[in-house]
Amino acid sequence: MDQAIFQVSLHTVLWIPLYTLFGGIASVLWSPACFRRTGPRPAGYLNLLVASLGFTHSLLALGAIWGQPAQQVSFTWLQVADLQLLLPLEYSSQSIGAIAVITGLNILAQLYAVGYLETDWGWARFFASLSLFESGMCALALCNSLFFSYVILEILTLGTYLLIGIWFNQSLVVTGARDAFLTKRVGDLILLMAVVALWPLAGTWHYGELAEWAAQAEVAPHTLTLVGLALMAGPLGKCAQFPLHLWLDEAMEGPLPASILRNAVVVGTGAWVLIKVQPVIALSPIASAAVIGVGAITAIGATLIAIAQIDLKRTLSYSVSAYMGLVFIAIGSGNSQAALVLMLTYTLSMALLVMSTGTLIWSNITQDLTQMGGLWSRRPISGLCFLVGGAGLVGLPPLGGFWSLLTLMDSLWMRHPILVGVVLGVNSLTAFSLMRVFFRVFLGQPGPMTVRSPEVLWPMVLPMTVLGGVVLHLPFLLHRAAIVPALSVVTSPFALLLIWSCLMGGGLAGVIYGRHWAQQPVRLFWPALQDFFAQDLYTAQIYRGTIIWVVQQASRLIDWCDRYFVDGLVNGVGFTTLLSGQALRYNNTGFGQFYILTILIGLSLLMLLVTYPILS
């Protein structure tokens, strides 16, 4: 009987995206314009119910597929004449495991939102957008086609716009939603070019068939380079990589519960697609080097920028870009397994960090680190969860970040030894950044905004503590799944280097911020360098001086042409018609012979004009 339940759940795993899609559509019934008596809260409870149903279904399906070979399923999506488009799906431990992570985090994020948005009237829109997010990510995990993955990524871009713009009466929220949508559209447009170009080259969009084609492809090197770079462009925007990274920082203006999914899972959707098409990118050494270069630049630059921020949300948003940069390094070097392990450990730890900092912002009504302090005695649960999330993110054994970074460094050493130094540097700087936040927020004397700061509501504390337990037990789960070995058998020399990099970064932060031996806020010996990192490498200014300036000048030129040429021509024709009509109205005498004379004169002039070349 139990085995039958497992098999039924596996065969119906496609229903999981439909659960939350139904919940999102049904949420419209509880918008303020529809039901004023009940209010919007039932929308949140309904979406919590369908998310729990999806999580239970995914666990049953994972139990059925675990240790079994992947199953390929396809449905006819469009059939017109000789054109037939199939929707291929893959049921595997990897895809269904990803769905279990997505649905589980969505439950915690929605429960967290119940407390965080307790007095907000936008519940219906918010929970509907969250359900659209989950539905799209679950469908992307199952999808085995590049074309349909692109379609789903577009849906997720729309979901990002809707979630960021929930509070549409605030100017920064509107700007953040707009910039996030437009920035992603840049990468998506280039990705669409690659999707279209691959069809005549490979004759398929199926990921498995693309890998088989890549193993024996005979295509011009420059064509493969262009296709590989275009395939990278879409994930580059989704994962907030340089230079398309500014949208993630602006997206933090939206409700923080949405950031739990966006910063932890949604940013990884681009990397998920990039892993699937990695065999195609590997055909071009230039494209692979570009993926590695973008990842390395973003990882180092974003970590340094995070250290220079005094805003809690900005610090976390740049750490997101940094770790997605490490994922890019893993993919570009051909280590897809290391990329997947890194994405899993990063996802859970970053979600916990967002939750713990969200509780601070909710009760203290500020995001400024300089106005906080002394919260350890008042907020011990938030402090412990922040420490657990930070320890799970960096390479501190035996937590998940240690195993993912160790796996990545072992795979990089033989072919890209320089990148091992990049990973160690990012790990050390991240430890410094997180401990800097911890010392400034939880230790020291209470700040102006933290004199009174009790723990928050239980709907926010419960998911935070549950996720903290998951992060602590993740190494055990990875070991049971034979993904990582036991800590006692680790012989890699990089393990000690990872530990030392964590201690060095965290210890330096303790010296500077824990004992207050340095001037607060810290001033570097070269102020221009500090401003360089604090201003995000002046990326926004470069945008305004290059791309935005070119668009503005082109818009002004088009406006001038439209005003004086297009409008001028139209207005000239209209004016001529009006003037001629005004002149001709005086010829209305009412006498028929006068009209006949006018017609004869006109015909004579027309005939003369036509026959003039012959007569001449």
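This structure is a prediction, so every number in the text was calculated from the model and none was measured.

Caption draft 1: Examining the overall build of the protein chain more closely. Of regular secondary structure, the protein chain possesses 25 helices and two strands. Looking at the protein chain as a whole, 51% of its 616 residues are labelled buried. For the protein chain, the proportion of contacts with a sequence separation of at least 24, taken over those separated by at least 6, is 78%. Accessible surface, the protein chain: about 28700 Å² in total, of which carbon and sulfur atoms supply 70%.

Caption draft 2: Layout of unusual backbone geometry. Residue Phe242 is joined to Pro243 through a cis peptide bond whose omega torsion reads 5°. Here Pro397 and Pro398 are connected by a cis peptide whose omega angle stands at 5°. Along the chain, Pro398 turns up in the loop between helix H17 (380-393) and helix H18 (400-412). Positive phi outside glycine occurs at Ala240, with the angle close to 55°. Mapping Ala240 onto the fold places it in the loop between helix H9 (221-238) and helix H10 (246-251).

Caption draft 3: Spotlight on the nonpolar core. One finds Phe126, Leu146, Leu231 and Leu326 to be the most contacted residues of the largest nonpolar core, which totals 162 residues. With 15 residues, helix H16 (residues 336-364) is the largest single contributor of residues to this core. Excluding residues that lie within four positions of it along the chain, Leu146 makes contacts with Val195, Leu198, Trp205, Tyr207, Leu210, Leu231, Val273 and Val277.

Caption draft 4: Main features of a nonpolar patch on the surface. A surface patch of nonpolar side chains, about 710 Å² in accessible area, is lined by Ile596, Ile599, Leu600, Leu603, Leu606, Leu609 and Val610. With respect to the secondary-structure elements, Leu603 resides in helix H25 (residues 592-615). A relative accessible area of 46% places Leu603 in the partly exposed class.

Caption draft 5: Broad picture of helix H20 (residues 458-480). With 23 residues, H20 ought to run about 33 Å at 1.5 Å a step, and its terminal C-alpha atoms sit 32 Å apart, in line with that. When the local axis directions of H20 are compared, the greatest deviation, roughly 45°, occurs at His473, which is followed within four positions by the proline Pro475. Taken as a whole, H20 has its buried residues at Pro459, Met460, Val461, Pro463, Met464, Leu467, Gly468, Val471, Leu474, Pro475 and Leu478. Turning to H20, the residues buried within the fold contact helix H4 (93-116), H16, H17 and H18. Ala482 sits one or two positions beyond H20 and adopts a positive phi of about 60°.

Caption draft 6: Quick look at the packing of aromatic side chains. According to the stated counting rule, one finds 15 aromatic pairs in the structure shown. The interplanar angle of 85° and the centroid separation of 6.2 Å between the aromatic rings of Tyr45 and Trp123 together place this pair among those described as edge-to-face. Taken as a pair, Tyr45 in helix H3 (residues 41-65) and Trp123 in helix H5 (residues 123-142) lie far apart in primary sequence, 78 residues in all. Residue class for Tyr45 comes out partly exposed when judged on its relative accessible area of 41%. Residue class for Trp123 comes out buried when judged on its relative accessible area of 0%.

Caption draft 7: View of the environment of Arg452. For Arg452, the position within the fold is in the loop between helix H19 (417-442) and H20. Note: C-alpha distance between Arg452 and Asn364 (88 residues apart in sequence) is 8.2 Å.

Caption draft 8: Structural context of helix H21 (residues 494-514). In a regular helix each residue adds 1.5 Å, so 21 residues correspond to 30 Å; H21 covers 28 Å between its end C-alpha atoms and thus fits that length. By the burial criterion, the buried members of H21 are Phe494, Ala495, Leu498, Ser501, Cys502, Gly505, Gly506, Ala509, Gly510, Ile512 and Tyr513. Elements that come into contact with the buried residues of H21 comprise H18 and H19.

Caption draft 9: Geometry of the side chain of Ser131. The topology assignment puts Ser131 in helix H5. According to the relative accessible area criterion, Ser131 is buried, its value standing at 0%. Those residues within four positions of Ser131 in sequence are excluded, and the remaining contacts are Thr20, Gly23, Gly24, Asn47 and Gln110.

Caption draft 10: Seen up close, the environment of Leu393. Position of Leu393 relative to the elements: it lies in helix H17. Leu393 sits in the buried class, given a relative accessible area of 2%. Sequence-distant contacts of Leu393, that is, excluding residues within four places in its chain, are made with Tyr323, Tyr346, Ser349, Met350, Leu353, Gly401, Leu405, Thr430 and Leu434.

Caption draft 11: The arrangement of the environment of Gly334 in detail. Assignment of secondary structure puts Gly334 in the loop between helix H15 (312-332) and H16. A sequence separation of 55 residues divides Gly334 from Pro279, and the C-alpha atoms of the two residues are 8.2 Å apart.

Caption draft 12: Region of interest: the pattern of salt bridges. One pass over the full model with this rule turns up four salt bridges. The salt bridge involving Arg185 is made with Asp188; its shortest N-O contact spans 3.5 Å. One end of the pair is Arg185 and the other is Asp188, both in helix H7 (residues 171-202) and three residues apart, which spans about a single turn. Between Lys238 and Asp188 there is a salt bridge whose closest N-O contact spans 3.2 Å. Here Lys238, found in helix H9, pairs with Asp188, found in helix H7; they are 50 residues apart in sequence, far enough to count as distant. Asp188 matches Lys238 in its accessibility class, with the two residues each being buried.

Caption draft 13: The packing of H15 against H18, seen in detail. Put simply, H15 and H18 touch, their axes get as near as 11 Å, and they point 35° apart. Here H15 and H18 pass one another in a crossing that is left-handed. Where H15 abuts H18, its residues Tyr323, Leu326, Ile329 and Ala330 lie against Leu405, Leu408 and Leu412.

Reading the values: the criteria
Residues numbered from 1 in each chain as written. Predicted model: local features only at pLDDT ≥ 70, side-chain atom pairs only at ≥ 80, totals over all residues. Heavy atoms only, no water. Helix = DSSP H or I, 4+ residues; strand = E, 2+ residues; numbered from the N terminus. Buried < 20%, exposed > 50% of the residue type's maximum accessible area, 1.4 Å probe, protein only. Contact = heavy atoms within 4.5 Å. Areas by Shrake-Rupley, 256 points an atom, 1.4 Å probe, with all protein chains shown as cover. Core = buried A, V, L, I, M, F, W, Y, C linked by side-chain atoms within 4.5 Å. Patch = residues over 30% accessible without salt bridge, like charges linked within 9 Å, V, L, I, M, F, W, Y side chains within 5 Å. Salt bridge = Lys/Arg side-chain N within 4 Å of Asp/Glu carboxyl O. Expected span 1.5 Å × (residues − 1). Bend = angle between axes of the 7 residues up to and from the residue. Phe/Tyr/Trp six-rings, centres within 6.5 Å; stacked < 30°, edge-to-face > 60°. Axes fitted to C-alpha atoms, helices over the stretch in contact; angles between N-to-C directions. Left-handed = near helix turned anticlockwise from the far one by under 90°.

In short, shape yes, function no, at least from these values alone.
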